[in-house]
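Analysis of the macromolecular model
The lines below spell out each chain.
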Amino acid sequence: MEQKNNSDQVLNTVRSIVYHLNDVNWVKMTQKMMALPINNVKLLDDITNIIFDRALKRQNYTHIYAQMCARLINDSKFNNLIATDTEITFQKVLLKKCHDVFYSNYQEELNKLKDTMKNDNMVPKKCLSGVLNNFLFDFQKRSICNCRFIGELFKNGAFPEKYILKCIGDLGKEKNDNNYELQMHCLCIILQSVGLILSKTSYDLNKKINKLVSSMENYGMSSTLKCLIKKLKIMNSKGWMDEEPVKFAGTNYNAYRDLPPHMQMVYRVRSKKIMSDWAYDESHDHRLNVVNNYKIEVRSNIPPKL
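Residues numbered from 1 in each chain as written. Predicted model: local features only at pLDDT ≥ 70, side-chain atom pairs only at ≥ 80, totals over all residues. Heavy atoms only, no water.

1. Section: the overall build of the protein
Inclusion rule: Numbering of helices and strands starts at the N terminus; helices are DSSP runs of H or I of at least 4 residues and strands are runs of E of at least 2. Burial here depends on accessible area, computed with a 1.4 Å probe over protein chains only, as a share of the maximum for the residue type. Under 20% is buried, over 50% is exposed, and the range in between is partly exposed. Contacts are residue-level and defined by heavy atoms, with any inter-residue pair within 4.5 Å sufficient. Each accessible area value is a Shrake-Rupley result obtained with a 1.4 Å probe; residue values ignore everything except the protein chains displayed when judging cover.
Within the protein, the regular secondary structure consists of 13 helices and zero strands. Starting at the N terminus and walking to the C terminus, you meet the elements of the protein as α-α-α-α-α-α-α-α-α-α-α-α-α. Across the 306 residues of the protein, 42% fall into the buried class. By sequence separation, contacts in the protein at least 24 residues apart represent 72% of the contacts at least 6 residues apart. Total accessible area computed for the protein in this model is approximately 17,900 Å², and 53% of it derives from carbon and sulfur atoms.

Given below as structure tokens:
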């Protein structure tokens, strides 16, 4: 019981630190974090969860959270507070959380949401539309903020180069699904953060930027994404000295309900498309069941051959 109370006290302190982190106090707050008594893996995982979730929710302060995480990763005392018989470190736990969000499957999460809504009998269209709108917004915002956080971690030496190159390579693969534009946004966000460092290595950034520029001819690409790609092209031509971020529409808002009407329309159109596809699939399954049941009834009434 005493250990649980101590853990709760530590977690409350962590929440206080990360909820009030800013450009002025982050060094002092990081030192306060380093002094916390972390004596088990479960507590470390809970602390990392709090930091990671807050970093993704406060997208304008992502660079500050990345700087704090880099300090924690490089502080041997902070990592040695955990039991010495384990190889678990703060960096490994943090990278695992970044990996899980980065490779989260949109369609799988959407299917889980559909199953949950079916089990809860959430049939009314009004309710269904609202849930889908929120899901689309949250998934998109979380994916983009995670990529921004990954890029900032790499800039601070807290995200290995081989992993950032793998992220860039995976995002660069063309996919024929509704999330391709989000994928391109995430790629641009990462390149915007890491371009200056990668430009000093053997990695061919020109090839990646040229491919993005050629994709602008794709019909239906949003003007926001086109502006971001053009910004990357200019940054690349200037040696990545101008790193002023181009923000994705919607990431400055914490919830779908806070979006201006013209931004909400983007999510409403997509959610209606999902609802129509969902209705079609259900009607198709229903017709198929009716046909199969009819065949079974017909066969059962056929007299046996003599």
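2. Thoughts on the nonpolar core
Stated precisely, the cut-off is as follows: Joining through side-chain atoms within 4.5 Å is the link that ties buried Ala, Val, Leu, Ile, Met, Phe, Trp, Tyr and Cys residues into a set, and such a set is a nonpolar core.
Grouped together as the largest cluster of nonpolar side chains are 87 residues, with contacts concentrated most on M33, I51 and F149. No other element matches the 13 residues that helix α8 (residues 125–155) contributes to this core. If we ignore the near neighbours within four places in the chain, the residues touching F149 are F52, A55, L56, T62, Y65, A66, C69, L94 and C98.

3. A short note on the pattern of salt bridges
Counted only if it meets this: For this document, the term salt bridge refers to a Lys or Arg side-chain nitrogen within 4 Å of an Asp or Glu carboxyl oxygen.
All told, the structure shown has seven salt bridges when counted by the stated rule. Salt-bridge contacts for K96 lead to D100; the nearest nitrogen and oxygen are separated by 2.8 Å. Pair noted here: K96 and D100 are both in helix α6 (residues 90–102), with a separation of four residues, about one helical turn. You can call K96 partly exposed: its relative accessible area is 49%.

4. Remarks on the packing of helix α3 (residues 41–57) against α6
Put simply, the test is: Every angle, taken between N-to-C directions, lies between 0 and 180 degrees, and every axis is a line fitted to C-alpha atoms, over only the stretch in contact when it is a helix. Angle categories: roughly parallel below 35 degrees, roughly antiparallel above 145, roughly perpendicular from 65 to 115, and oblique for all the rest. Crossing handedness is read from the near helix: turned anticlockwise from the far helix by less than a right angle, it gives a left-handed crossing, and turned clockwise, a right-handed one. Note on residue categories: nonpolar means Ala, Val, Leu, Ile, Met, Phe, Trp, Tyr, Cys or Pro, charged means Asp, Glu, Lys or Arg, and polar means any other residue, Gly included.
It is at 10 Å that the axes of α3 and α6 come closest, and there the two elements cross at 50°. Classified by the interaxial angle, the pair formed by α3 and α6 is oblique. Note on packing geometry: the crossing formed by α3 with α6 is right-handed. Here α3 contributes L44, D45, T48, N49, I51 and F52 to the contact with α6, which in turn contributes F90, V93, L94, K97, C98 and V101. A breakdown of the residues in the contact of α3 with α6 according to their chemical character gives eight nonpolar, two polar and two charged.

5. Some thoughts on the packing of aromatic side chains
Cut-off, in case you're wondering: Pairing of aromatic rings covers Phe, Tyr and the six-membered ring of Trp, with a centre-to-centre limit of 6.5 Å; geometry is then stacked below 30 degrees between planes, edge-to-face above 60, and tilted otherwise.
One pass over the full model with this rule turns up six aromatic pairs. Geometrically, the ring pair formed by F102 and Y103 is edge-to-face, given 4.8 Å between the ring centres and 75° between the ring planes. You can call Y103 partly exposed: its relative accessible area is 35%. Pairing Y106 with F139 gives two aromatic rings, centres 5.3 Å apart and planes at 65°, and the pair type is edge-to-face. Remark: F139 occurs in helix α8 and Y106 occurs in helix α7 (residues 106–119); sequence separation between them is 33 residues. Taking the relative accessible area as the measure of exposure, Y106 reaches 11% and is therefore buried. One aromatic cluster in this structure is built from Y106, F135 and F139.

6. Considerations on the environment of K32
Examined against the element boundaries, K32 turns out to sit in helix α2 (residues 26–34). We classify K32 as partly exposed; its relative accessible area is 44%. C-alpha of K32 to C-alpha of T13: the two residues are 19 residues apart in sequence and 9.1 Å apart in space. When near neighbours in sequence (up to four residues on either side) are disregarded, K32 contacts T13 and I17.

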